Amino acid sequence: MATSIEDIKNKYPIPVFYYRVTIGDEDSIAFSEVSGLNFQYETITYKDGLSYKDGPKYMPGFFNVVNLTLQKGVVKADSFLLDWFKTIRLNTVEKRDVRIDLLNENGEATISWLAKDAFPTKLDAPAFNASSNEVAIESLELTATWLEVKNPAL
């Protein structure tokens, strides 16, 4: 049985190395790694009068916040992450939507994740090591209130 190019495009797993990150109205920003795109609900344990016999009952509770981690190389002329981090003041912060697009070979979004109302919570400077010649990577941790997934192909 022959497999067509369309079958391969639609049924084979998509590689994770070709993606685009957009924060707010900024053009796409080059990040070396993005992690933390997950949905999670708290679990509520309910015990009633018959729990001694039937056991406790479990049900979903509140949606947990989304904790994203974005990593990128430090660039001399780019202070975007630091500038955003500096917007944090007492009980105020500049919240932005963060969109991560997984791209196909033509640079078109195949699946998109949109983290709503994200704000920075931690900015890590790179680790310094005199015996290494690796790229200096800074890491930004974000908290978002909701996560949407969009699949334009469906």
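This text follows the structure it describes.
This section reports on the structure supplied with the text. (Residues numbered from 1 in each chain as written. Predicted model: local features only at pLDDT ≥ 70, side-chain atom pairs only at ≥ 80, totals over all residues. Heavy atoms only, no water.)

**Some points on the packing of aromatic side chains**
- In the structure shown here, the tally under the stated rule is 3 aromatic pairs.
- A centroid spacing of 5.2 Å and a plane angle of 70 degrees characterise the contact between Y41 and F63, whose relative ring orientation is edge-to-face. Here F63 lies in strand β4 (residues 57-63) and Y41 lies in strand β3 (residues 41-46), a separation of 22 residues in the sequence.
- Here Y41 falls in the partly exposed class, since its relative accessible area comes to 42%.
- For F63, a relative accessible area of 17% puts it in the buried group. (Phe/Tyr/Trp six-rings, centres within 6.5 Å; stacked < 30°, edge-to-face > 60°. Helix = DSSP H or I, 4+ residues; strand = E, 2+ residues; numbered from the N terminus. Buried < 20%, exposed > 50% of the residue type's maximum accessible area, 1.4 Å probe, protein only.)

**Brief notes about the pattern of salt bridges**
- Applying the stated rule across the entire model yields 6 salt bridges.
- The partner of D101 in a salt bridge is R20, with the nearest N and O atoms 3.3 Å apart. Of this pair, D101 sits in strand β6 (residues 96-103) while R20 sits in strand β1 (residues 19-23), and the two are 81 residues apart along the sequence.
- For D101, a relative accessible area of 1% corresponds to the buried category. (Salt bridge = Lys/Arg side-chain N within 4 Å of Asp/Glu carboxyl O.)

**Structural notes on the nonpolar core**
- Grouped together as the largest cluster of nonpolar side chains are 19 residues, with contacts concentrated most on I23, F31, V98 and L142.
- Residues in contact with V98, not counting those within four places in the same chain, are V21, T22, I23, L68, W84, W113, L114, A115, A118 and L142. (Core = buried A, V, L, I, M, F, W, Y, C linked by side-chain atoms within 4.5 Å. Contact = heavy atoms within 4.5 Å.)

**Topic: the environment of S51**
- Among the secondary structure elements, S51 is positioned in helix α2 (residues 51-54).
- As for S51 and V98, which are separated by 47 residues in sequence, their C-alpha atoms are 44 Å apart.
- Excluding anything up to four places from it in sequence, S51 contacts Y46 and P56.
- At 2.7 Å, the side chain of S51 forms a polar contact with the backbone nitrogen of D48. (Polar contact = N/O pair within 3.5 Å; in protein donor to acceptor, adjacent residues only side chain to side chain.)

**Quick look at a nonpolar patch on the surface**
- A contiguous nonpolar patch, built from I44, Y46 and M59 and spanning about 270 Å² of accessible area, is present on the exposed surface.
- Tracing the backbone shows M59 in strand β4.
- Look at M59 and you get partly exposed, because its relative accessible area is 37%. (Patch = residues over 30% accessible without salt bridge, like charges linked within 9 Å, V, L, I, M, F, W, Y side chains within 5 Å. Areas by Shrake-Rupley, 256 points an atom, 1.4 Å probe, with all protein chains shown as cover.)

**Considerations on unusual backbone geometry**
- Even without glycine at this site, D117 takes up a positive phi of about 50 degrees.
- Here D117 lies in strand β7 (residues 109-124).
- For D117, a relative accessible area of 36% gives the class partly exposed.

**Considering the environment of D48**
- With respect to the helices, strands and loops of the structure, D48 is situated in the loop between β3 and α2.
- What makes D48 partly exposed here is its relative accessible area of 29%.
- The spacing of D48 and I23 is 25 residues in sequence and 46 Å in space, taken between C-alpha atoms.
- Polar side-chain contacts of D48 include one of 3.2 Å to the side chain of K57.

Purely geometric stuff here, so don't read any function into it on its own.
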